[in-house]
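Residue-level structural notes
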Amino acid sequence: LAKTTQPISMDSYEGQEVNITCSHNNIATNDYITWYQQFPSQGPRFIIQGYKTKVTNEVASLFIPADRKSSTLSLPRVSLSDTAVYYCLVGDDRNTGGFKTIFGAGTRLFVKA
Amino acid sequence: NAGVTQTPKFRVLKTGQSMTLLCAQDMNHEYMYWYRQDPGMGLRLIHYSVGEGTTAKGEVPDGYNVSRLKKQNFLLGLESAAPSQTSVYFCASSLIPRTGNNEQFFGPGTRLTVL
């Protein structure tokens, strides 16, 4: 299983762009990179998923370099409501051999006014 | 659409008691999952199901049993609760994972305390 390493916590201010980097040196060829967001007392919520290069949706962008050993979640112009825990997951859940998605400890983002 | 719902929201048990947590989804998803989350930690997969009538062990299955008799429901049972099972339990569901789409939809969680 590809292990992921993220910063434990980050602080930012409203209106700033926040970049959270995740390391996954042992990523396998078929693995996808997925990010979830979790607010206190709620279940995680899917943010974005990608395989290589750049993926963008209405919430965030995901940058993945050519070697895929890391990825960066970019949140543009954060607000107080973006204060949450962000999880980086690496895995290929399509394998019939078993379920592989593992949640790590995540990155606690705290956005200040 | 209600999405993924969990019953109950809170529960307090005494050591040795048993209980069942119910998860229901109305999105016609094939896959369903049970996770536990301890304070300050990430989620750990307990059991999962890839379809009606199937179950499989996850990362931390000991002390739990599951059943998926209907596609929309996934039950998590604790036969003899222990204080180490005090946690928040999340249920999730997803479509069959395929290229670029394995988003899981989570329920609101059940907070369980075992005294």
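Parameters and conventions
- Residues numbered from 1 in each chain as written.
- Chains lettered and ligands numbered in written order.
- Predicted model: local features only at pLDDT ≥ 70, side-chain atom pairs only at ≥ 80, totals over all residues.
- Heavy atoms only, no water.
- Core = buried A, V, L, I, M, F, W, Y, C linked by side-chain atoms within 4.5 Å.
- Buried < 20%, exposed > 50% of the residue type's maximum accessible area, 1.4 Å probe, protein only.
- Helix = DSSP H or I, 4+ residues; strand = E, 2+ residues; numbered from the N terminus.
- Pairing = 2+ DSSP bridges.
- Axes fitted to C-alpha atoms, helices over the stretch in contact; angles between N-to-C directions.
- Salt bridge = Lys/Arg side-chain N within 4 Å of Asp/Glu carboxyl O.

Remarks on the nonpolar core
Among the nonpolar cores identified, the biggest contains 20 residues, and Ile33(A), Trp35(A), Ile47(A), Leu73(A), Leu75(A) and Tyr86(A) are the most heavily contacted of them. Broken down by element, this core gets its largest block of residues, four residues, from strand 8 (residues 84–91) of chain A.

What about the sheet that holds strand 2 (residues 18–23) of chain A?
Strand pairing in a sheet is mediated by backbone hydrogen bonds. Such pairs are either parallel or antiparallel. Residues and elements named next belong to chain A. Taken together, the four strands give an open sheet; going across it, the order is 2-7-6-5, and neighbouring strands pair in antiparallel fashion. Strand pairing shows two members of the sheet lacking a second neighbour, strand 2 and strand 5 (53–56), which therefore form its edges. When strand polarity is set aside, the average angle formed by the axes of neighbouring strands in this sheet is 15°. Note that strand 6 (residues 61–64) and strand 7 (residues 70–75) share three bridges and pair antiparallel. Note that in strand 7 the partner of Phe-63 across the bridge is Thr-72.

Considerations on the pattern of salt bridges
Tallied over the entire structure, the rule returns four salt bridges over all chains. Where Asp11(A) meets Lys112(A), a salt bridge forms, and the shortest distance between an N and an O atom there is 3.6 Å. In this pair, Asp11(A) is assigned in strand 1 (residues 9–13) and Lys112(A) in strand 9 (residues 107–112), connecting sequence segments 101 residues apart. The exposure class of Asp11(A) is exposed, given its relative accessible area of 52%. A salt bridge links Asp38(B) to Arg44(B), with the shortest nitrogen-to-oxygen separation between them at 2.7 Å.

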